[in-house]
Protein chains: 2
Amino acid sequence: MKCSKCDNKAIIKIPYSNLALCKDHFIEWFEKRFERIVDKYKMFENSKKIAVAVSGGKDSTTLLHLMKKLSEKKGFEIIGINIDLGIDMGKQYSSKSTEFALKNFEMLGVKYRIVRIKERYGFTIDDAKHKIKRPVCSTCGLVKRYTLTEVAEEEGADTIVTGHNLNDMAQFIMAGYFNGDVRDLARLDIITPPEKGYRVMKVKPLFLIYEKEILTYALVKGIPFLYDSCPHTFRVGGVTQDTIRRKLEELEETIPGYMLMLVENFINKIQPALKEKYIKEEELGHCKICGRPTTKDREICSFCAVRLKMTGQTVNIK
Amino acid sequence: MKCSKCDNKAIIKIPYSNLALCKDHFIEWFEKRFERIVDKYKMFENSKKIAVAVSGGKDSTTLLHLMKKLSEKKGFEIIGINIDLGIDMGKQYSSKSTEFALKNFEMLGVKYRIVRIKERYGFTIDDAKHKIKRPVCSTCGLVKRYTLTEVAEEEGADTIVTGHNLNDMAQFIMAGYFNGDVRDLARLDIITPPEKGYRVMKVKPLFLIYEKEILTYALVKGIPFLYDSCPHTFRVGGVTQDTIRRKLEELEETIPGYMLMLVENFINKIQPALKEKYIKEEELGHCKICGRPTTKDREICSFCAVRLKMTGQTVNIK
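This structure is a prediction, so every number in the text was calculated from the model and none was measured.

As for the interface of chain A and chain B
Consideration 1: In this complex, chain A contributes 30 residues to the contact, which on the side of chain B involves 30 residues.
Consideration 2: A combined buried area of about 2,700 Å² lies between chain A and chain B, and 72% of that area is made up of carbon and sulfur atoms.
Consideration 3: A per-residue breakdown of the area chain A buries against chain B is headed by Tyr177(A), Phe178(A) and Lys247(A), which together make up 22% of the total.
Consideration 4: Where Lys247(A) meets Glu250(B), a salt bridge forms, and the shortest distance between an N and an O atom there is 2.7 Å.
Consideration 5: Elements represented by at least two residues in the side of chain A that touches chain B include exactly helix 7 (166-179), helix 8 (182-187), helix 10 (239-254) and helix 11 (258-278) of chain A.
Consideration 6: Residue classes in the side of chain A that touches chain B are distributed as 17 nonpolar, eight polar and five charged.

This is the structure in structure tokens:
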């Protein structure tokens, strides 16, 4: 198979664009595609300092490399944030993750913070697994979001970017169409504005990029990343989420561009209708422990509830 | 495998309800389920005379049998309508369809009309295939909708029911999520109110019933129906529609109830939001040839445009 743009051997097919590309032309095409998406969705128009959440996997390390390049072009600042969640399960998952994040921070010479939640909050995700009633992946998501936001604010960032890719998005959307959680669907933003009174917005710059393309980019660019999946994976939704993802990937093989169209049509056409119908501007209250925004009628936020249960401590009372 | 309700051998599994049923209990369960859906969605609350569109296939013949039973219970009148579309293609498809429809009308002793579009309008679907630019399945859909509505009105019916099943609905919805035709999705009603100034509404009473269950019911009840598919099948959407349907059926095997939830959540939660955002009450004009409603700025309706092209005649000028 020859590259569509030169005589070299193609290393990847992009069936939905009817392209086959050699290494160099793929890198060029991929980076341009990333920039076009960023521009089309006006992702960083007002961003001055962007925190890049780096877990050490292929998506977030690739995102870090792309954001580094973009920061030089557009003139914003970036800082890498890695959260050591304390997931071990006999596989040193978190310490390996942090190792790979660190390799990339140093390789690119970007400023970074490594945050160990055991030190910062007094418990690990592994500790929480049996002590907290919600599924461990849900606790982990909560802890990551909370920590990222807090640390990004400490660092003076105005934007957080995360590595959710197209396959992730397509899976969330199809699961939402199936289970009917229209409020979750309405809130599945690619650009989440800051909470009232705060200034950090969240962006998913890879939301239209296929997992396969990200993986290929990471490999050909020699980006060091952790192959392992989290040992806790698939505890939320279980078989269902996994099956939906596989079927979407099969659909993609027969109908190239299926996921792309599913996600773009969702973001551009379906979600706006769901937002209008189902999301009312909620009045928020403040958590009595940490002071961050929470549902109006709650005394303390979900994160502080978890932390209190795990440690008996409420160190940060404001 | 034993029936969940008695000691007889089960003939079908209903995995999403965790049931296995023998012939008699399946028939009882199926008919109850049909009635519950009719009641839940208040399908025939104001119906006095219902036209049942019968193509002769498993869905529409089963629907006829169910509607006959329901008419005795609820006290409305029914009339069967079969349209001979003039599809032959060397397989006598339309004449066989009509034969099976007729068998069922006579078997049940229901009043009926058989409408041959060649006699009524001067052309057949086979004729239209090469002469009309739109895909033949699209022309056919247009002709069927037009004819059904006209004939139902002539017969004084206030309601038309059609045999679209759950698998059909799930396929339409997934195709819509993929191709982003939000206005089509918004209009994919299970109960379509009459056009302004008219009185015939359209209902899809089988929209929550799996194809497999309908087929099983038709078989165990000895309902005569035509197995053949239309020789023109899959000319609209082609491979895409077919692939989507197969993937949905595979998803259903791993996640029992997938299609059911996809369709119910669409109808109850997603579609209302799409209607609010995308459908404005359109002012309709009237076709200069047949007088029926059409888009405001058009002189003649799509049906009369096809007919004019096919026959050069405009017999019904009003």
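Description of the packing of helix 2 (residues 58-74) of chain B against helix 9 (residues 211-220) of chain B
Residue and element names in this part refer to chain B.
Consideration 1: Two numbers describe how helix 2 lies on helix 9: the axes approach to 9 Å, and their chain directions differ by 65 degrees. By the angle between their directions, the pair helix 2 and helix 9 is classed as roughly perpendicular. Between helix 2 and helix 9 lies a crossing of left-handed hand. Each of Lys 58, Asp 59, Thr 62 and Leu 66 in helix 2 lies in contact with helix 9, whose residues at this interface are Glu 211, Ile 214, Leu 215, Tyr 217 and Ala 218.
Consideration 2: Partitioning the contact of helix 2 with helix 9 into residue classes produces five nonpolar, one polar and three charged.

Thoughts on the domain arrangement of chain A
Residue and element names in this part refer to chain A.
Consideration 1: What the domain assignment lists for chain A is domain 1 (29-279) and domain 2 (283-318).
Consideration 2: Domain 1 puts 18 residues into the contact, and the matching count from domain 2 is 15 residues.
Consideration 3: Carbon and sulfur atoms supply 68% of the area buried between domain 1 and domain 2, which totals about 1,500 Å² over both sides.
Consideration 4: Between Glu 153 and Arg 292 there is a salt bridge; the shortest N-O distance is 2.9 Å.
Consideration 5: Counting the contacts that link domain 1 with domain 2 gives three residue pairs in polar contact (both at pLDDT 80 or more).
Consideration 6: Sort the elements by how many residues they give to the side of domain 1 that touches domain 2 and helix 6 (residues 136-154) lands first, with seven residues.
Consideration 7: Within the side of domain 1 that touches domain 2, the residues separate by chemical class into eight nonpolar, three polar and seven charged.

Quick notes on the UniProt feature "domain: 2-thiouridine synthetase TtuA-like N-terminal LIM" (unreviewed entry) in chain A
Consideration 1: Feature annotation in UniProt places "domain: 2-thiouridine synthetase TtuA-like N-terminal LIM" (unreviewed entry) on residues 2-27 of chain A, given in this structure's numbering.
Consideration 2: From the first C-alpha to the last, residues 2-27 of chain A spans 16 Å; its make-up is 19% helix and 23% strand.

Quick word on a nonpolar patch on the surface
All names here are of chain A.
Consideration 1: A grouping of Leu 215, Leu 219 and Tyr 227 is seen on the molecular surface, where their side chains present a nonpolar patch of about 320 Å² in accessible area.
Consideration 2: The topology assignment puts Leu 219 in helix 9 (residues 211-220).
Consideration 3: Residue classification places Leu 219 among the partly exposed positions, given a relative accessible area of 47%.

Examining the packing of helix 7 of chain A against helix 11 (residues 258-278) of chain B
Consideration 1: Where helix 7 of chain A contacts helix 11 of chain B, the axes come no closer than 6 Å and their chain directions differ by 80 degrees. Between helix 7 of chain A and helix 11 of chain B, the angle falls in the class roughly perpendicular. Of the residues in helix 11 of chain B, those touching helix 7 of chain A at Met174(A), Tyr177(A), Phe178(A) and Asn179(A) are Tyr258(B), Met261(B), Leu262(B), Asn265(B) and Ile270(B).

Digging into the relation of the copies chain A and chain B
The relation between the two chain copies is a rotation about an axis coupled with a shift along that axis.
Consideration 1: For the pair chain A and chain B, the relating rotation is 180 degrees, the translation along its axis is 0.0 Å, and the fit reaches an RMSD of 0.0 Å. Such values leave the two copies arranged in the relation of a two-fold axis. When C-alpha positions in chain A are compared against the rotation axis, the closest is assigned to Ala273(A), at 2.7 Å.
Consideration 2: Looking at chain A, 100% of its interface residues are interface residues in chain B too, so the copies touch through the same face.

Scoring rules and cut-offs
- Residues numbered from 1 in each chain as written.
- Chains lettered and ligands numbered in written order.
- Predicted model: local features only at pLDDT ≥ 70, side-chain atom pairs only at ≥ 80, totals over all residues.
- Heavy atoms only, no water.
- Contact = heavy atoms within 4.5 Å.
- Buried area = accessible area lost by both parts, 1.4 Å probe.
- Salt bridge = Lys/Arg side-chain N within 4 Å of Asp/Glu carboxyl O.
- Helix = DSSP H or I, 4+ residues; strand = E, 2+ residues; numbered from the N terminus.
- Nonpolar A, V, L, I, M, F, W, Y, C, P; charged D, E, K, R; others polar.
- Axes fitted to C-alpha atoms, helices over the stretch in contact; angles between N-to-C directions.
- Parallel < 35°, antiparallel > 145°, perpendicular 65-115°, else oblique.
- Left-handed = near helix turned anticlockwise from the far one by under 90°.
- Domains from an automatic or database assignment.
- Polar contact = N/O pair within 3.5 Å; in protein donor to acceptor, adjacent residues only side chain to side chain.
- UniProt positions renumbered as here; feature names shortened; annotations may be inferred.
- Patch = residues over 30% accessible without salt bridge, like charges linked within 9 Å, V, L, I, M, F, W, Y side chains within 5 Å.
- Areas by Shrake-Rupley, 256 points an atom, 1.4 Å probe, with all protein chains shown as cover.
- Buried < 20%, exposed > 50% of the residue type's maximum accessible area, 1.4 Å probe, protein only.
- Least-squares fit on C-alpha atoms with pLDDT ≥ 70 in both.

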